[in-house]
Amino acid sequence: MGLDENKANDPTSASNHEGNVEGGGEKQGLSKHPSGASICGTEDEDEELSKIQLGPMCSLREHLEKDKDDESLRKWKEQLLGNVDVNSAGETLEPEVKILSLSIVSPGRADIILPIPEDGDPKGLWFTLKEGSTYILRFCFTVSNNIVSGLRYTNTVWKTGLKVDSTKEMLGTFSPQQEPYTHEMPEELTPSGYFARGSYTARSKFVDDDNKCYLEMNYTFDIQKEWASV
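Residues numbered from 1 in each chain as written. Predicted model: local features only at pLDDT ≥ 70, side-chain atom pairs only at ≥ 80, totals over all residues. Heavy atoms only, no water.

### Thoughts on the overall build of the protein chain
Across its full length, the protein chain carries 5 helices and 11 strands. Going through the 230 residues of the protein chain one by one, you find that 42% of them count as buried. If you sum the accessible surface of the protein chain, you get close to 12,500 Å²; carbon and sulfur atoms cover 50% of it. (Helix = DSSP H or I, 4+ residues; strand = E, 2+ residues; numbered from the N terminus. Buried < 20%, exposed > 50% of the residue type's maximum accessible area, 1.4 Å probe, protein only. Areas by Shrake-Rupley, 256 points an atom, 1.4 Å probe, with all protein chains shown as cover.)

Spelled out as structure tokens, the structure:
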């Protein structure tokens, strides 16, 4: 979503929030870093990233076998994998990431928890934000089969056909574990005023370093004078 009052007044502006998080023992409350506003990457830049040839994928067991004589690398891998049972993980190469829910957290009110539909796209109006309110987005997701490297979140917002916001956030690298991970985005402020109120469309994606997309979701939301009644 990532719609911020400071950006909504300038349709050409975009935010690029980057964090460096490595999965392992942490189950929630992963570290987040202050956001830094900059011009978001263009579609051409995304195409260039997709052309980068990464090394071959490895199973968890192969990850540990590689560079096993390098003490520092071995310890880093063990820390990253945490309590993962490598022997029972099998030889699966492809990691699996499932986005479970999106929560909207705003001071002074109950969290809005939005489960992700099975087909990815919520039907109809998904949620309503109050104008001029501060909020953060919280993602809940699971990782299985293998390590996912460079998981990132992108979001683009349109109003009446014009792009008004674009956000990128590096979530980090995560090892497989049974417990869900959570990640919180930097705090944002919804725009306010007559021209800010109304309906918006958005597209969110979760993609890794191999350009594998785990979720692409299209949805609509409103900004109104008040929060939607529960």
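### Some words on the environment of glutamate 96
Tracing the backbone through its elements, the reader meets glutamate 96 in strand 2 (residues 96-105). Once the C-alpha coordinates of glutamate 96 and valine 148 are considered, the two residues, 52 residues apart in sequence, prove to be 7.7 Å apart. Ignoring any residue separated from it by four or fewer positions in sequence, one finds glutamate 96 in contact with Thr142, Val143, Ser144, Asn145, Lys212 and Tyr214. (Contact = heavy atoms within 4.5 Å.)

### Topic: the pairing of strand 11 (residues 213-224)
Relative to strand 11, strand 4 (residues 125-130) is paired through 5 bridges, and the arrangement is parallel. Bridge assignment links phenylalanine 127 to a residue of strand 11, and that residue is phenylalanine 221. Bridge count between strand 10 (residues 198-207) and strand 11: 10 bridges; the pairing is antiparallel. Paired with lysine 205 across the two strands is glutamate 216, which belongs to strand 11. The turn linking strand 10 back onto strand 11 is made up of 5 residues, and asparagine 211 within it adopts a positive phi angle of 65°. (Pairing = 2+ DSSP bridges.)

### Things to note about the nonpolar core
The biggest cluster of nonpolar side chains holds 36 residues, and the ones touching the most others in it are Phe141, Leu151 and Phe221. Of all elements in the fold, only strand 2, strand 3 (112-115), strand 4, strand 5 (134-144), strand 6 (148-159), strand 7 (162-174), strand 10 and strand 11 reach the threshold of two or more residues within this core. Per element, the largest residue contribution to this core is 6 residues, and it comes from strand 11. When residues no more than four places from it in sequence are discounted, the contact partners of phenylalanine 141 are Val97, Lys98, Ile99, Leu100, Leu151, Phe174, Pro180, Tyr181 and His183. (Core = buried A, V, L, I, M, F, W, Y, C linked by side-chain atoms within 4.5 Å.)

### Digging into the confidence of the model for the protein chain
Residue-level pLDDT values for the protein chain average 77, and 61% of them are 70 or greater. No element of the protein chain has a lower mean pLDDT than strand 1 (residues 15-18), at 40, and none a higher one than strand 10, at 97. Confidence drops under a pLDDT of 50 for residues 10-45, and excluding neighbours within four residues, the segment shows 76 contacts in the predicted structure. (pLDDT = per-residue confidence, 0-100.)

### Some points on the side chain of aspartate 208
Tracing the sequence through the fold places aspartate 208 in the loop between strand 10 and strand 11. For the buried aspartate 208, no salt bridge exists, and the shortest N-O distance to an oppositely charged side chain is 6.1 Å, to arginine 152. At 2.9 Å, the side chain of aspartate 208 forms a polar contact with the backbone nitrogen of aspartate 210. Once residues within four sequence positions are removed from consideration, aspartate 208 is found in contact with Pro95, Val148, Ser149, Gly150, Leu151, Arg152 and Tyr214. (Lys, Arg positive; Asp, Glu negative; His and termini not counted. Salt bridge = Lys/Arg side-chain N within 4 Å of Asp/Glu carboxyl O. Polar contact = N/O pair within 3.5 Å; in protein donor to acceptor, adjacent residues only side chain to side chain.)

### Structural notes on the environment of histidine 183
Looking at the secondary structure, you find histidine 183 in strand 8 (residues 177-184). Sequence separation of histidine 183 and glycine 172 is 11 residues, and the distance between their C-alpha atoms is 9.7 Å. Discounting chain neighbours no more than four positions away, the residues touching histidine 183 are Leu137, Arg138, Phe139, Phe141, Glu169, Met170 and Leu171. In terms of polar contacts, histidine 183 uses its side chain to reach the side chain of glutamate 169, at 2.9 Å.

### Thoughts on the environment of arginine 203
Its place among the elements puts arginine 203 in strand 10. Taking the C-alpha atoms as reference points, arginine 203 and threonine 220, separated by 17 residues in sequence, lie 8.9 Å from one another. Residues in contact with arginine 203, not counting those within four places in the same chain, are Thr154, Asn155, Thr156, Trp158, Glu216, Met217 and Asn218. Of the polar contacts made by the side chain of arginine 203, one reaches the side chain of asparagine 218; its length is 3.0 Å.

### Topic: the packing of aromatic side chains
For the structure on display, the rule yields 13 aromatic pairs. On the numbers, 5.9 Å between centres and 40° between planes, the contact of phenylalanine 127 with tyrosine 219 is tilted. Taken together, the positions of phenylalanine 127 in strand 4 and tyrosine 219 in strand 11 put the pair 92 residues apart, joining distant regions of the chain. Here the two residues phenylalanine 127 and tyrosine 219 agree in accessibility, since each one is buried. Ring-pair connections join several aromatic residues into one group, and the members of that group are Trp126, Phe127, Tyr200, Tyr219 and Phe221. When the ring centre of tyrosine 200 is taken as reference, the NZ or CZ atom of lysine 159 above it lies at 5.6 Å. (Phe/Tyr/Trp six-rings, centres within 6.5 Å; stacked < 30°, edge-to-face > 60°. Lys NZ or Arg CZ within 6 Å of the ring centre and 35° of its normal.)

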